[in-house]
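Descriptive structure summary
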Amino acid sequence: MAADYDVPKITGEDGIVDIPSLQPDAMKGHGPWVSKPEFQEDMHFPTDFTMPESIENYGDAGTLVENWKERALDKMGDLKGRYRSLQVFLDICVKCGACTDKCHYYIGSSDPKNMPVARQDLLRKVYRRYFTFAGKFFGKIGMPGFVGAAELTEDVVKDWYNYYHQCSQCRRCSVFCPYGIDTAEISMAAREILDHIGMGQKYCTEIMGKLNKIGNNLGLPEAALADTLEGLEEDIFDETGVDVKLPLDKKGSDILLITPSADFFAEPHVDGLMGYAKVLHELGLDWTLSSYASEGANFGMFIGSYENMRKVSLRIRKAAQDLGVKRIVFGECGHAWRVAYSFLNTLAGPFDFLDQNYPVPQHILEITEPALAAGKLNIDKSQNDDKVLTFHDSCNIARGSRMGDKPGGQFVLPRNVIKAVCNNYVDMPADTIHDATYCCGGGGGILTDDLMEIRVKGAQPRMEALKHVTDKHQVTHMAAICAICKSQFTKVVPYYGFTMDMIVSVHQLVSNAIVLKGQLTEEEIEARDAAEEAERIAAKEAREKAAAEKAAKESKDT
Amino acid sequence: MVVGVIYAVLFWTATLVLVLGVANKIRIYAKTPAPLKIPTTPAPVTQSGVFLRMFQEVFFFKSLFRADKLLWVLGMLFHYTMLIIVLRHFRYVQEPVWGVIQFVQPFGIYAGFLFIIGLLGLMARRIFIDRIRYITAPSDIAMLLLLILIGVSGLMMQFVSPTDILMVKAFFRGLITFDWQPLPSDVVLLVHLGLVAALMLIFPISKLLHAPGIFFSPTRNQIDNPREKRHIAPWAAELEKQGKTYLDELD
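Fair warning: this is a prediction, and the values are worked out from it, not measured in the lab.

1. Observations concerning the overall build of chain A
- Of regular secondary structure, chain A possesses 22 helices and seven strands.
- Taking 558 residues into account, the globule formula puts the C-alpha radius of gyration at 24 Å, and chain A, at 26 Å, falls close to it.
- Taken over the C-alpha atoms alone, chain A extends approximately 105 × 60 × 55 Å along its principal axes.
- Within the span of chain A, comprising 558 residues, buried residues form 57% of the whole.

Quick look at the structure:
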């Protein structure tokens, strides 16, 4: 693939990228597209700023809101008073450097400001200058830098906008920090501050606008959604001869399925959706999707806005109440699952109107895995024998959620499912999986074309690990359980010499292997198709014959 | 006697700043709500599990061990020798001296050397590893120098120019009862004590806050039970109560 920047080289030797030396300003830039005031307004952010004439003007004082400096500092003060994480993390970093080699964006780009501590320091230095005794004192005598403090200037704002959009909030740094400092918390706060001075990110804000208006990130209206689901039902019927339904807005269903809207159209996401449908059908569960809450992802988390994240979450509560369901189940989506598992009860609870015999919410894997273990699904593993699988732990699921009863279930359940439906499975190197997993490079609001360079570079650690298992262990496919991972990988793997169809959904593998009750064999499907074809031809011939007779009759009449 | 008075005032001030400053920070950390459940998972699902996790972090630097073995060795060396040294110094204020304090006395000398070695190692990282050099502020170097000089001046009193320990002890016991006592006017002692007072003074306004701060780190101290138990901050509950979406809409 052609790119106007260097795509990192991968070797596949041990699956681990050597830590690069610093290349200051390697990723300096203007950052992603800025959001227009109209989108900011929908999100309840200030709109008294001027759209920059060109990207070169991003962050110039004239483009920001009035009194941007005071308002940025006010917002910082507000946030540190409402988030213990921010207040504590800004204070207690000792700059030990344990995190410096842990970020995939630093490893892939060599830009020192992509080291977690340096990324945090972009905000921390301003906090130190304006909110701590040491920073104020040394600031007054003109030496703020002595204590790691700095004035808030246009250049600082530009750095914030650029480098806080090179963080996917994957939390890998927080695993290794001796105090658990989580750069995601800092970058969320920074984006919230930027949103309040006229530097919102177009990608996140526009997408949330669509969701608030229509119900999903894609802007897919109810009629189109119904149409899509009908098409998928037909696909499953053609393939299996079984009438598997994908119900929409079916009142009185037991289960409301919330899934990322990418599942409705993107590859390989949609194959996963058909997988959930088959599993739920086979288990005899009564379920439905909702057109009002047709989105699992919650971009409110990316921009650090509790209020907007809650607004999105409340749609799910409302849909569950309106449809009268008893359970809420989430499909394959990493950030969706973090927000669902960790935050939904906080944001949109209490869910006392749902069946308390089930966790609220549940992950689809928490249904499929026990069903497979109990032998409730009829599986033909040989259907996946053309593949050797590996599994990519999605960052937000790995480090920000759980599945099942035990800590670490989020690593066990998906692997159990893959192994139950595939004969060939190999893990990537230990330092790149489980809670040490590397982000795909597209998480946290980065999955946009205007950030392609950092997406490609940030994927390097995962690509190196993947290259290792493809070269040394004949792996052919990588499964994922996150819409962003799937979209990011299908786009980025070609830069590293892989083909995009090597990325699969976990429930796609289930879908391949599951044998539904009443499912036709391949021969029966062939026979059915042949019979249909014969019928079609016969009908066509009859029509032609009738037409010919009619024509003959007409010519005779004239 | 003048020296004694100056140092008495210095130590009373430093103690006051240290205690009140840290108490104030702890108050701020405690009263700031954590609105969301953000433990870095896999995380314990019970309170006792969190206690164990925190214990491993505080006493064994478990996460750091995963991150960087060299830094872990240097960090453990520095912190544990410092602990022994601090314990050893209790004999300058206690009467009678506790058994455990008497027990650590002989180890204190060795600890002094290892303390300096650990600190020199930490300093070397800041100078020679490009990533660590990049994130180092002058104050980070200054703090290491401060600790190294405290260690060197302490060891000098042991091996080069001993001071009148009994007089020092009388001085510190006098501080407890607000009874002015003279201090030996040995330069090394005065440097040693001055630097320790400086360390106490900067503690509540610097990264040394990591010591109390780690106990308030939500990624480490939260229980992983968001589905079982609803967690909500007061300011978020207010939105719910008033039926509002945005904080600026609150009455």
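2. Considerations on the interface of chain B and chain A
- In this assembly, 56 residues from chain B lie in contact with 60 residues from chain A.
- Secondary structure elements with two or more residues in the side of chain B that touches chain A: helix 1 (2-31), helix 3 (62-67), helix 6 (130-135), helix 7 (138-159), helix 10 (210-213), helix 11 (218-221) and helix 12 (234-242) of chain B.
- Here the element with the most residues in the side of chain B that touches chain A is helix 6 of chain B; it accounts for five residues.
- Looking at side-chain class alone, the side of chain B that touches chain A contains 31 nonpolar, 13 polar and twelve charged residues.

3. Considering the environment of A:G241
All names here are of chain A.
- For G241, the location among the structural elements is in the loop between helix 11 (222-240) and strand 1 (255-258).
- The partly exposed category is assigned to G241, around which 15 C-beta atoms lie within 10 Å.
- When the C-alpha positions of G241 and C96 are compared, they lie 61 Å apart, and in sequence the two are 145 residues distant.
- The contact partners of G241, leaving out residues within four places of it in the chain, are Q519, L520, E524, I525 and R528.

4. Some details on helix 5 (residues 99-128) of chain B
Residues and elements named next belong to chain B.
- Taking 1.5 Å per residue as the helical rise, helix 5 with its 30 residues ought to reach 44 Å, and the 43 Å between its terminal C-alpha atoms agrees with that figure.
- At P106, helix 5 shows its largest bend, some 45 degrees.
- Three or more residues of helix 5 are buried, namely G108, A111, G112, F115, I116, G118, L119, L122 and R125.
- The elements touched by buried residues of helix 5 are helix 4 (69-89), helix 6 and helix 7.

5. As for the nonpolar core
- Formed by 191 residues in total, the largest nonpolar core has its most connected members in A:A189, A:I328, A:I418, A:A479 and A:L509.
- The next biggest cluster of nonpolar side chains, apart from the first, holds ten residues, and it includes A:A134, A:F138, A:V147 and B:F203.

6. Comments concerning the sheet that holds strand 6 (residues 477-480) of chain A
Residues and elements named next belong to chain A.
- The strand order across the open sheet formed by three strands is 5-6-7, and the pairing between neighbours is parallel. Taken across any chain shown, the strands that pair with only one partner, and hence form the sheet edges, are strand 5 (389-391) and strand 7 (503-505). Looking at each pair of strands side by side, their axes are set apart by 40 degrees on average, direction ignored.
- Where strand 5 and strand 6 come together, three bridges link them in parallel fashion. Among the inter-strand pairings, F391 is bridged to a residue of strand 6, identified as A479.
- Contacts between helix 21 (residues 506-513) and the sheet are confined to strand 6 and strand 7, with strand 7 contributing the most and set at about 75 degrees to the helix.

7. Remarks on unusual backbone geometry
Residue and element names in this part refer to chain A.
- Omega for the bond connecting G349 with P350 falls within 30 degrees of zero, at -5 degrees, which places this linkage in the cis form.
- With respect to the element layout, P350 can be found in the loop between helix 14 (334-348) and strand 4 (362-363).
- In this structure, P361 follows V360 across a cis peptide bond, with omega equal to -10 degrees.
- Mapped onto the fold, P361 is located in the loop between helix 14 and strand 4.
- Backbone geometry places D25, a non-glycine residue, at a positive phi of 65 degrees.
- Relative to the elements of secondary structure, D25 occurs in the segment before helix 1 (37-42).
- One non-glycine residue with positive phi stands out, namely R171, at about 75 degrees.
- For R171, the location among the structural elements is in the loop between helix 7 (154-163) and helix 8 (172-176).
- Classification of R171 as buried rests on a count of 28 C-beta atoms within 10 Å.

8. Comments concerning the sheet that holds strand 1 of chain A
Residue and element names in this part refer to chain A.
- Strand order in the open sheet made by the four strands is 2-1-3-4, with parallel pairing throughout. Strand pairing shows two members of the sheet lacking a second neighbour, strand 2 (287-288) and strand 4, which therefore form its edges.
- Of the pairings in the sheet, the one linking strand 1 to strand 2 comprises two bridges and is parallel in character. Residue pairing for strand 2: L256 is matched across the bridge by T288.

9. Observations regarding the domain arrangement of chain A
- Each assigned domain of chain A is listed with its residue range as follows: domain 1 (206-426 + 475-513) and domain 2 (522-558).
- The C-alpha-based centres of domain 1 of chain A and domain 2 of chain A are spaced at 44 Å.

10. A few points about the packing of helix 13 (residues 306-323) of chain A against helix 14 of chain A
All names here are of chain A.
- Relative to each other, helix 13 and helix 14 sit at 90 degrees, their axes nearing to 9 Å. It follows from the interaxial angle that helix 13 and helix 14 lie roughly perpendicular. In this structure, helix 13 contributes M309, R310, S313, L314, I316 and R317 to the contact, and helix 14 contributes V339, L344, L347 and A348.
- A breakdown of the residues in the contact of helix 13 with helix 14 according to their chemical character gives seven nonpolar, one polar and two charged.

Definitions and cut-offs
- Residues numbered from 1 in each chain as written.
- Chains lettered and ligands numbered in written order.
- Predicted model: local features only at pLDDT ≥ 70, side-chain atom pairs only at ≥ 80, totals over all residues.
- Helix = DSSP H or I, 4+ residues; strand = E, 2+ residues; numbered from the N terminus.
- Rg over C-alpha atoms; globule rule 2.2 N^0.38 Å.
- Buried ≥ 20, exposed ≤ 12 C-beta atoms within 10 Å, placed from the backbone.
- Contact = placed C-beta atoms within 7 Å.
- Nonpolar A, V, L, I, M, F, W, Y, C, P; charged D, E, K, R; others polar.
- Expected span 1.5 Å × (residues − 1).
- Bend = angle between axes of the 7 residues up to and from the residue.
- Core = buried A, V, L, I, M, F, W, Y, C linked by C-beta atoms within 7 Å.
- Pairing = 2+ DSSP bridges.
- Axes fitted to C-alpha atoms, helices over the stretch in contact; angles between N-to-C directions.
- Domains from an automatic or database assignment.
- Parallel < 35°, antiparallel > 145°, perpendicular 65-115°, else oblique.

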